[in-house]
Amino acid sequence: MEPEASLSWLAMTMTPGIAARLSARLLREFRSPEGVFRGSLTGLEACNVPAPAAQAIFKKQTFWRAEKEVAAIRRIGCKLVNWKEPEYPQNLLQIYDPPVMLYVHGDASILNSPSLSIVGTRRPTLYGSQMAERMGRDLASRGLTIVSGLARGIDAIGHTGATAVGGKAIGVIGTGIDVWYPKENKKLYEKVLERGAIVSELPTGSHPAPENFPVRNRIIAGMPLGVVIVEGKQYSGSPITARLAMEFGREVFGVPGNATQPSSFAPNQLIKQGAKLVTGWEDVVEELPTEIRAELFPVESPGAGERESLFAEALAPEQKKLYDLLSTDQTLHVDAIVETSGMTSSAVLSALCEMELKGIIRQLPGKQFVRVML
């Protein structure tokens, strides 16, 4: 959606006191942001909108902020994707408080590609760093988009592995789309932008604030097919993201760690609670839905000649001998088959019966036989 067309969406989401869940309730009640701003005070308060927020909506007080935001969006070159548009991550619509609108810098079409999150501690061990890089590299090279929060440590390392092999990546940040945090990840931010997209639900210019990151984590947990946890202490963001993923019905994977290391607590505990223990990309992929595995690893159907060869190789020697005598365009009488094959009539009839049951030959009236076209 062009920024100007998003003016009402922006004005609604930028109204103080209107968070994602309340925005969703208003949209369900009034059908559109324009409908929200046409609503009466009584109607707004019936949706449990706080009085100051209801007044701000009724008086359209945030439109001036929305107009400034449109100018900033144009300057940055990003776009807005609301939850009614096909580019919006459809997996996010399944969670209980999806953001009604996302700022997307980069390729918005990537948001619905099969993806997995890799998250963990900001202070990884050497082992954790190696596992995160390996998981990011191996999963991305097999067609999965790697999602993370672009934070220090495991998040950044997972993305580094993905981009190193030319894989796709999505960074979900807890700041404005134009603010990279931490500063040292600026180059990685640019690499992710080249290989995919940066996503935020916060207005441009929003600086890192502690309360933004737990809220951001619900997107990291809800957008992908599953979450891979590589190291995390007991009281850290990793267990929170994993818990959200479980609540959203996503797969949760734990890379086991040294039980004597505090940073191994989160994945080891999650594994005890039922998360899938993973040591390589194969362990992750085998838990994905069948249709996703088929999309990532398509199996080519053999051609007609190859199918016939496969069937012939699976036949018993006497069956293969008779199969070679038959053709798909000309019938052969059973007496001719006995005479040509040199086999006894009982052996021929038995073999023909078995082949007919397998569906590779057909008996026509008058004891005529023909191959089935494969």
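Residues numbered from 1 in each chain as written. Predicted model: local features only at pLDDT ≥ 70, side-chain atom pairs only at ≥ 80, totals over all residues. Heavy atoms only, no water.

1. Let's talk about the layout of surface pockets
- Considered as a void within the structure, the largest pocket measures approximately 600 Å³ in volume.
- Lining the largest pocket are 27 residues; nearest its centre among them are Thr 13, Ile 18, Ala 19, Glu 201 and Leu 202.
- For the lining of the largest pocket, the secondary structure elements donating two or more residues are helix H2 (20–30), strand S2 (101–106) and helix H10 (212–222).
- Ranked by the residues each element gives to the lining of the largest pocket, the list is headed by H10, at five residues.
- Counted as a void, the second largest pocket has a volume near 440 Å³. (1 Å grid on protein atoms, 1.4 Å probe; cavity = no way out; pocket = protein on both sides within 12 Å on 5 of 7 lines; lining within 4 Å. Points joined across faces, edges and corners; volume = space filled by probe spheres on them. Helix = DSSP H or I, 4+ residues; strand = E, 2+ residues; numbered from the N terminus.)

2. Here we look at the nonpolar core
- Counting 67 residues, the largest nonpolar core has Leu 10, Leu 26, Leu 44, Val 49, Val 100 and Ile 170 as its most contacted members.
- For this core, the element with the highest residue contribution is H2, accounting for five residues.
- Contact partners of Val 100, with chain neighbours within four places excluded, come to Trp 9, Met 12, Thr 13, Ala 20, Ser 23, Ala 24, Leu 27, Val 81, Asn 82, Trp 83 and Tyr 88.
- Counting residues in hydrophobic clusters, the runner-up holds 23 residues, among them Met 135, Ala 140, Val 284 and Leu 296. (Core = buried A, V, L, I, M, F, W, Y, C linked by side-chain atoms within 4.5 Å. Buried < 20%, exposed > 50% of the residue type's maximum accessible area, 1.4 Å probe, protein only. Contact = heavy atoms within 4.5 Å.)

3. With respect to helix H18 (residues 345–358)
- Here H18 contains 14 residues, and its C-alpha end-to-end distance of 20 Å stays within 8% of the 20 Å for a straight helix at 1.5 Å per residue.
- Along H18, the residues classified as buried are Val 348, Ala 351, Leu 352 and Met 355. In a view along the axis of H18, the buried residues occupy a sector of 100°, so they form one face of it. Away from its buried face, by an angle of more than 90 degrees, H18 presents the exposed residues Ser 346 and Leu 357.
- The secondary structure elements touched by the buried residues of H18 are helix H16 (317–325), helix H17 (334–341), strand S11 (361–364) and strand S12 (368–371).
- Gly 359, located one to two residues past H18, shows a positive phi value of around 85°. (Expected span 1.5 Å × (residues − 1). Arc of directions from axis to C-beta.)

4. Quick word on the pairing of strand S3 (residues 115–120)
- With six of its six residues buried, S3 lies for the most part within the structure.
- Every second residue of S3 is oriented toward a common face, with Ser 115, Ser 117 and Val 119 on one face and Leu 116, Ile 118 and Gly 120 on the other, all of them buried.
- Note that S3 and strand S4 (residues 145–148) share three bridges and pair parallel. Residue pairing across strands places Ser 117 opposite Val 147, the latter belonging to S4.
- Read as a crossover between parallel neighbours, the route from S3 over helix H7 (residues 126–141) to S4 is right-handed. (Pairing = 2+ DSSP bridges. Right-handed = clockwise from strand over helix to strand, strands pointing away.)

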